[in-house]
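# Fold and contact review
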Amino acid sequence: MEQIQTDITVEQMNHAGEIIKNIRDYYSSKMVGQERLGLSLLVSMIANGHILLESVPGLAKTTAAKVVTEAVNGNFSRIQCTPDLLPSDIIGTQTFNMSNNTFETKIGPVFANFVLLDEINRSSAKTQSAMLEAMQERTVSIGGTSYKLPDIFVVVATQNPIEQEGTYELSEAQLDRFLLKEIITYPTAEQEVEILNRIEKDVFTSVTPVATIDDVLLLQNLCKKIYIAPSIKKYIVDLVHVSRNAKEKIFKDLAPYVAMGASTRAAIAFMEASKAVALTQGRAYVTPDDVKEMRNEVLRHRIMLNFAAIADGVKPETIIDAIFQAVETP
């Protein structure tokens, strides 16, 4: 058995557990159902990564992002993406002040802890690239000067999978920048009744933060110290390699549907997400189940299927399950 090596104390784990419980309780008090979305947002925040949400309109994507922001008393910014949105509308620009004949820098809405990019696929490729560059580098350049984004910087991008008119589909390289991709489904009838009851009682307007940005920084620092054994790192790498060699490794009837496997960034995402999951479970070490927990969220936007898969109704999750079946769990 591999020896667990960690610098995290019991007191730190207990404190982290209290913070996570408070955030989860606040989320549950504001959101009806959508537990999976809540976990994905929490993991993204702890790993300081970005998340792509996909669903039809009206399923509380914006509300969920705002609720998590409220819980930690962070800064929230919402950007409605349209075809005429310019990069300067997001990152900021310089304006000329005629009173003193100088240029003044106006920073954009990207300078926030949580940035909601609503319908990201409606913005032009140029604007998407500017935002994704900020996501990767965590700095922006305005007038030749570099400006650092906040230490806690999580982009929550949304897209509607149904409407295609007037949209610009994200490329594979751009999708890879997102740590996770969550698919949101309709609530049950009972949950919708509860939503109506809560709206009638006006429970969504009250805001009482249960944590701080410093608490989030604490969680992120602890997440980096979570121990991940060499055998689990190899497990992650084997999973990614199987996705790239589907014809040799997975079921013969599914392999032809895979056009492209996952990149090295997928392996990094697995490691970061599994550490965050372990922390939410109150553990200072990663288990294989932590890797499996976020398998769909990590891989569904990184494994590219061909047109035959679309025609035959084969979902990325089916391929992902086959990949995990092909690799022995350590």
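Please refer to the structure placed before this passage.
We now turn to the structure provided with this report. These numbers were taken from a predicted model, which means no experiment stands behind them. (Residues numbered from 1 in each chain as written. Predicted model: local features only at pLDDT ≥ 70, side-chain atom pairs only at ≥ 80, totals over all residues. Heavy atoms only, no water.)

### Regarding empty space enclosed by the protein
Counted by the stated rule, this structure contains 1 cavity of 30 Å³ or more. When its volume is computed, the largest cavity comes out at roughly 40 Å³. Contributing to the lining of the largest cavity are Leu41, Ser44, Ile51, Ala65, Val68, Phe114, Val154 and Val156. Among the residues making up the lining of the largest cavity, the classes are represented as 7 nonpolar, 1 polar and no charged. (1 Å grid on protein atoms, 1.4 Å probe; cavity = no way out; pocket = protein on both sides within 12 Å on 5 of 7 lines; lining within 4 Å. Points joined across faces, edges and corners; volume = space filled by probe spheres on them. Nonpolar A, V, L, I, M, F, W, Y, C, P; charged D, E, K, R; others polar.)

### Observations concerning unusual backbone geometry
Unlike most non-glycine residues, glutamine 34 shows phi in positive territory, near 50°. Tracing the backbone shows glutamine 34 in the loop between α1 (10-30) and α2 (35-47). (Helix = DSSP H or I, 4+ residues; strand = E, 2+ residues; numbered from the N terminus.)

### A closer look at the environment of lysine 181
When you line up the elements, lysine 181 lands in strand β9 (residues 180-183). According to the relative accessible area criterion, lysine 181 is buried, its value standing at 12%. Remark: the alpha-carbon pair of lysine 181 and histidine 50, spanning 131 residues in sequence, is separated by 8.9 Å. At 3.1 Å, the side chain of lysine 181 and the side chain of glutamate 54 are in polar contact. (Buried < 20%, exposed > 50% of the residue type's maximum accessible area, 1.4 Å probe, protein only. Polar contact = N/O pair within 3.5 Å; in protein donor to acceptor, adjacent residues only side chain to side chain.)

### Observations concerning a nonpolar patch on the surface
The grouping of Phe96, Met98 and Phe103 at the surface amounts to a nonpolar patch, some 390 Å² of accessible area in total. Among the secondary structure elements, phenylalanine 103 is positioned in strand β4 (residues 102-107). For phenylalanine 103, a relative accessible area of 56% gives the class exposed. (Patch = residues over 30% accessible without salt bridge, like charges linked within 9 Å, V, L, I, M, F, W, Y side chains within 5 Å. Areas by Shrake-Rupley, 256 points an atom, 1.4 Å probe, with all protein chains shown as cover. Salt bridge = Lys/Arg side-chain N within 4 Å of Asp/Glu carboxyl O.)

### Considerations on the layout of surface pockets
Considered as a void within the structure, the largest pocket measures approximately 1,100 Å³ in volume. Only α6 (172-175), β9, β11 (304-305), α14 (307-312) and α15 (316-326) provide two or more residues apiece to the lining of the largest pocket. The element contributing the most residues to the lining of the largest pocket is α14, with 3 residues. Split by residue class, the lining of the largest pocket holds 16 nonpolar, 9 polar and 7 charged. Approximately 550 Å³ is the volume found for the second largest pocket. Around the second largest pocket, the lining comprises 25 residues; the ones closest to its centre are Ala47, Asn48, Gly49, Arg138 and Glu272. The dominant element in the lining of the second largest pocket, judged by the number of residues it contributes, is helix α11 (residues 264-280), at 6 residues. Counted by class, the lining of the second largest pocket contains 10 nonpolar, 6 polar and 9 charged residues.

### What to know about the side chain of threonine 280
Secondary-structure assignment places threonine 280 in helix α11. By relative accessible area, which is 10% here, threonine 280 ends up buried. When sequence neighbours within four positions are dropped, the list of residues in contact with threonine 280 reads Ile20, Arg24, Leu39, Leu42 and Ile46. (Contact = heavy atoms within 4.5 Å.)

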